[in-house]
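Structural characterization, general
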Amino acid sequence: MRLYATVAAGGFRRHATYRVATAAGVFTNSVFGFVLSYTYIALWHERPHLGGYSMDDALAYVWIGQALITVCGMMGGGFEDELIERIRTGDIAVDLYRPADLQLWWFAANAGRSAFQLLGRGVVPMAVGALAFRFTLPSGPGAWLAFLVSVALGSTVGFAIWYLAAMSAFWLLDGQGVVQVVWLSGLFFSGMLLPLTVFPGALGEIARMLPWASLLQVPADVYLGRYEGWELAGAYAFQGSWALVLLGVGRLVQAAATRKVVVQGG
C-alpha cells in the first residue's frame, strides 16, 4: 500500500506543477459557471422549482458541476490519453510485467490528480460563485463531510469508466472513438448540462440509473441535503455498487489484455 500512496502523492505533485494550466482551468470553469448561472436563472424564472430545485438550489448545482468537472472526470479522466498511448506504442507491456497492479497504479495516480483538482480547480470556482450569486450551502460540517464522501465515490466511478475506455485500445488499437463516446455520455448523463431530475419520463429514469449519475447528480443532491438517513446510505450504495461493478469489469479486461500481451510476446 505504501507504493500506491507514493504514486498518489506523485500524481498530486505532478498536477500541482501545472500552475498556468490550473489558473486557466479556474478561469474557464468560472466563466462557464456565469454563463450557466444566468441561463438557469432565466429558465427557473419561467419554471420555478423545475426538477424539484429552488433557484438557490439550481445555482448551487451549477457551481458544484464546475467544481467537480475535472475531479470526477465528467469530460475526461485526465489519464486516458497517456494510457492509450502506452498501449498503442507497446510500452504497456513493461507496465504489465512490473511488480505492481496496473489498475491500482493508475487508480492511485488518478486519486492524487483528483485531490489536487478538488483544491486547485474546485474550491476557487465555488468561492467565486458564492460571491457572485446567492445559492444553497450545506447546513454544517456533517453535510460537507457527506458531500466529500460522495465526491470520492464519484471520482472512483469516473476513474473506472475512463479506465475501461482506455483499455479498449488493446483491441481497437486507437481508443479515441470510445473516448469520444464516453465524453459525450459523461457530458449528457452526468447532469452537466441540466439536472437529471429535469429529464422527462423514461429518459430521466434511465439516466438516473446509469453510472454517470454518480459523477455529479448524486454528489449535488447530497450537497443540497436531498438525502438523509437511509436515503443517504442508498445514494452511497448506488455509487459504491457502480464503482465495484466497473472496477471488477476493468480487472477482467486487464486480465484479458495481460494474456494477449503474453501470447504476443511468446
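Notes on the structure follow. (Residues numbered from 1 in each chain as written. Predicted model: local features only at pLDDT ≥ 70, side-chain atom pairs only at ≥ 80, totals over all residues. Heavy atoms only, no water.)

1. Considerations on the overall build of the chain
Helix and strand content of the chain: 12 helices and 0 strands. Scanning the chain from its N terminus toward the C terminus, one meets helices and strands in the order α-α-α-α-α-α-α-α-α-α-α-α. A compact globule built from 266 residues should have a C-alpha radius of gyration of about 18 Å, and the chain, at 19 Å, falls within 12% of that. In terms of principal-axis extent, the alpha carbons of the chain reach across some 65 × 40 × 35 Å. Taken across its 266 residues, the chain has 48% of its residues classed as buried. When contacts within the chain are restricted to residue pairs at least 6 apart in sequence, long-range pairs at least 24 apart make up 79% of them. For the chain, the exposed surface amounts to about 12,800 Å²; the carbon and sulfur share of it is 69%. (Helix = DSSP H or I, 4+ residues; strand = E, 2+ residues; numbered from the N terminus. Rg over C-alpha atoms; globule rule 2.2 N^0.38 Å. Buried < 20%, exposed > 50% of the residue type's maximum accessible area, 1.4 Å probe, protein only. Contact = heavy atoms within 4.5 Å. Areas by Shrake-Rupley, 256 points an atom, 1.4 Å probe, with all protein chains shown as cover.)

2. Comments concerning the environment of Val245
Mapped onto the elements, Val245 comes out in helix H12 (residues 230-265). Taking the relative accessible area as the measure of exposure, Val245 reaches 45% and is therefore partly exposed. Counting along the chain gives 85 residues from Val245 to Ala160, while the straight-line C-alpha distance between them is 9.0 Å.

3. A few points about the packing of helix H2 (residues 19-46) against helix H3 (residues 55-68)
Viewed as axis vectors pointing N to C, H2 and H3 meet at an angle of 155°, and their least axial separation amounts to 9 Å. If you check the angle between H2 and H3, you find them roughly antiparallel. Between H2 and H3 lies a crossing of right-handed hand. Facing H2, whose interface residues are Asn29, Ser30, Phe32, Gly33, Phe34, Leu36, Ser37, Tyr40, Ile41, Trp44 and His45, H3 presents Met55, Ala58, Leu59, Tyr61, Val62, Trp63 and Gln66. Tallied by class, residues from the contact of H2 with H3 come to 12 nonpolar, 6 polar and no charged. (Axes fitted to C-alpha atoms, helices over the stretch in contact; angles between N-to-C directions. Parallel < 35°, antiparallel > 145°, perpendicular 65-115°, else oblique. Left-handed = near helix turned anticlockwise from the far one by under 90°. Nonpolar A, V, L, I, M, F, W, Y, C, P; charged D, E, K, R; others polar.)

4. Some thoughts on the packing of aromatic side chains
Counted according to the given criterion, the structure contains 18 aromatic pairs. Where Phe107 meets Phe159, the ring centres are 5.3 Å apart and the plane angle is 75°; that geometry is what we call edge-to-face. In this pair, Phe107 is assigned in helix H6 (residues 102-132) and Phe159 in helix H7 (residues 141-167), connecting sequence segments 52 residues apart. For Phe107, a relative accessible area of 29% corresponds to the partly exposed category. Among the aromatic residues, those joined into a ring-pair cluster are Phe79, Trp106, Phe107, Phe159 and Tyr163. (Phe/Tyr/Trp six-rings, centres within 6.5 Å; stacked < 30°, edge-to-face > 60°.)

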